[in-house]
There are 2 protein chains.
Amino acid sequence: MSAAAFFRHGKKIVAIGRNYAEHVKELNNALPQEPFFFLKPTTSYISNEGYVEIPRGVIAHHEVELGLVIGKRGRDIAQKDAEGHIAGYALAVDMTARNMQDAVKKKGLPWSAAKGFDTFTPVGSFIDKSLVSDPHKLALSLKIDGTTKQDGTTADMIFKIPRIIEHISSIMTLEEGDLVLTGTPSGVGPLSPGETVECELLDTVSGKQLSSLKFY
Amino acid sequence: MSAAAFFRHGKKIVAIGRNYAEHVKELNNALPQEPFFFLKPTTSYISNEGYVEIPRGVIAHHEVELGLVIGKRGRDIAQKDAEGHIAGYALAVDMTARNMQDAVKKKGLPWSAAKGFDTFTPVGSFIDKSLVSDPHKLALSLKIDGTTKQDGTTADMIFKIPRIIEHISSIMTLEEGDLVLTGTPSGVGPLSPGETVECELLDTVSGKQLSSLKFY
Ligand SMILES: [Mg+2]
Ligand SMILES: [Mg+2]
Ligand SMILES: [Mg+2]
């Protein structure tokens, strides 16, 4: 497989939680001392112009995030080598059943269902890393029906990309086609059926739009 | 791919928690009102005669389990149709970093790291379902250095296989090659470096051994 085919052939999605200070505050969570992550199944992917299915009784929050597409298998990857394991990037949304997540957090149960519904990971096209000036200088935004809800910069990540890759790969092997979600800036909130979501990823060095992602 | 190649080509492992009453008691957990599950990455697989790597500071518990190998993709699978989505079975061990799991449960954090280390899912060969008289009449056992630690029967599952398949697939699509772990009977405990683990799966109707699995 090629990393560009991650949507079809990738095996896992590893998502970092609480990686932007303003978002940690808005959910009244504690600032993490080290990165932590959860898994999402690749059956949760939908592509551009897709439809998110919100099950009855679920409050589904949008979390716009920068995705790292893994290009080279590795375990115990040192921070200095992390960049060599990344083939490119993707604009993604980590949809979250917030009311289910709140309930399982209280009970000490896994997050897998709250994060793992089919259609809960809208994702844009593969962006080859040669097109990106600096992955820590990207603007990430999300609008609902034209109103901006999230507008952040990857410069604000608490744990930077090399640290994230080092941490995850100290526990599990990263494989070609895996997607790593790097956390969401503040402004998360509910999405309702019938609303249109538009996300954008902008290279703030070159001023170029790297990706856009629309879903319903 | 064929389901028999799940070890190499499968995308996800979905593991049910607390599905045997005696095991729920031994960990002082609450009996679940409905099934719940967590995800393990397929990078955690090791095959027969493999080595489990226990990271420094981790107390790694063995949990011997019946695995269901999915043979046919499905979403919202009705209980009456569940059997048609199962290609076969596998004897598996859900290794668990118990001290890490206890810590994240208290904080309401995901279980993914505690369950997801490389080598934390030893698994035996694919068993075609035609070889199994009744998946709810299997004996599951685990010995450490010749001493029996777990000795249960799949008859004691709280949630039976059709209910498990119905529940998981109400949230996420099950795909060919996915492995579903159905929970562990009582007797879980720590594994230390240098110890040898031997597991067995026995058909109690025919009296035949369906699988054995050894690891270190
Ligand atoms: Mg989890
Ligand atoms: Mg997120
Ligand atoms: Mg288990």
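Heads up: the structure comes first, above all this text.
Trainee: I'd like a description of the relation of the copies chain B and chain A, backed by residues and values.
Mentor: After a rotation of 180° and a shift along the axis of 0.0 Å, chain B superposes on chain A with an RMSD of 0.0 Å. The transformation relating the two chain copies, once decomposed into turn and shift, fits a two-fold axis.

Trainee: Residue-level account of the environment of B:P190, with values.
Mentor: Residue and element names in this part refer to chain B. Note on placement: P190 falls in strand β13 (residues 189-190). Since its relative accessible area comes to 48%, P190 is described here as partly exposed. Between the C-alpha atom of P190 and that of L27, which follows or precedes it by 163 residues, the distance is 13 Å. In this structure, P190 is in contact with I59, A60, H61, H62, I144 and E195, ignoring residues within four places of it in sequence.

Trainee: Now, about the coordination of the magnesium ion (ligand 3): what can you tell me, with residues and values included?
Mentor: All names here are of chain B. Bound to the magnesium ion (ligand 3) are the protein donor atoms E63 (OE), E65 (OE) and D94 (OD), situated 2.0 to 2.1 Å from the metal. Within one chain, the residues serving as donors to the magnesium ion (ligand 3) are arranged as E-x1-E-x28-D. Taken as a pair, E63 in the loop between β4 (60-62) and β5 (64-70) and D94 in the loop between β6 (86-93) and β7 (96-97) lie far apart in primary sequence, 31 residues in all. Both residues of the pair, E63 and D94, belong to the buried class.

Trainee: Pulling in residues and values, what's your account of the pairing of strand β1 (residues 13-16) of chain A?
Mentor: Within a regular beta strand, the side chains point alternately toward one face of the sheet and then the other, so they alternate between its two faces. Residues and elements named next belong to chain A. Burial of the side chains of β1 extends over both faces: I13 and A15 are buried on one face and V14 and I16 on the other. Note that β1 and strand β2 (residues 37-40) share four bridges and pair antiparallel. Residue pairing in the sheet places I13 in a bridge with K40 of β2.

Trainee: Provide a residue-level description of unusual backbone geometry, including the pertinent values.
Mentor: Within the chain, B:R18 stands out as a residue other than glycine whose phi angle is a positive 50°. The class of B:R18 is buried, set by a relative accessible area of 12%.

Trainee: Can you lay out the sheet that holds strand β10 (residues 138-144) of chain A for me, pointing to particular residues and giving the numbers?
Mentor: Residue and element names in this part refer to chain A. Read from one edge to the other, the open sheet built from four strands follows the order β11-β10-β14-β15, with strand pairing classed as antiparallel. Of all strands in the sheet, those with a lone pairing partner are β11 (147-153) and β15 (209-215), marking the two edges. The mean inter-strand angle of the sheet, taken between neighbouring strand axes irrespective of direction, is 15°. Where β10 meets strand β14 (residues 197-203), seven bridges bridge the pair, whose relative direction is antiparallel. Its bridge partner lying in β14, K143 is registered against E198.

Trainee: Explain the pairing of β14(A) residue by residue, including any values.
Mentor: Residue and element names in this part refer to chain A. Alternating positions in β14 separate cleanly, V197, C199, L201 and D203 being buried on one face and E198, E200 and L202 remaining unburied on the opposite face. With six bridges joining them, β14 and β15 adopt antiparallel strand pairing. When the sheet's bridge partners are listed, V197 is paired in β15 with F215.

Procedures and definitions
- Every chain is numbered independently, its residues counted from 1 as its sequence is written.
- The naming scheme follows written order: chains are lettered A onward, ligands numbered 1 onward.
- For a predicted model such as this one, the threshold for reporting local features is a pLDDT of at least 70, and the threshold for listing and counting side-chain atom pairs is 80 or more; totals across whole chains, interfaces and linings nevertheless cover every residue.
- Hydrogen atoms and water are omitted, and side-chain values are computed over all heavy atoms in the structure.
- Superposing the copies works by least squares over the C-alpha atoms of residues that have pLDDT at least 70 in both of them.
- Numbering of helices and strands runs from the N terminus, with a helix taken as a DSSP run of H or I at least four residues long and a strand as a DSSP run of E at least two residues long.
- Exposure classes here rest on a 1.4 Å probe applied to the protein chains alone. A residue is buried below 20% of its type maximum, exposed above 50%, and partly exposed in between.
- Two residues qualify as a contact provided that any one of their heavy atoms is within 4.5 Å of a heavy atom in the partner residue.
- We call an atom a donor if it is N, O or S and sits within 2.8 Å of the metal, or 3.2 Å for Na, K and Ca. Water is not counted, so some sites may look partial.
- Two strands pair if DSSP finds at least two bridges between them.
- Only C-alpha atoms enter the line fits that serve as axes; for helices the fit covers just the stretch in contact. Angles between N-to-C directions range over 0 to 180 degrees.

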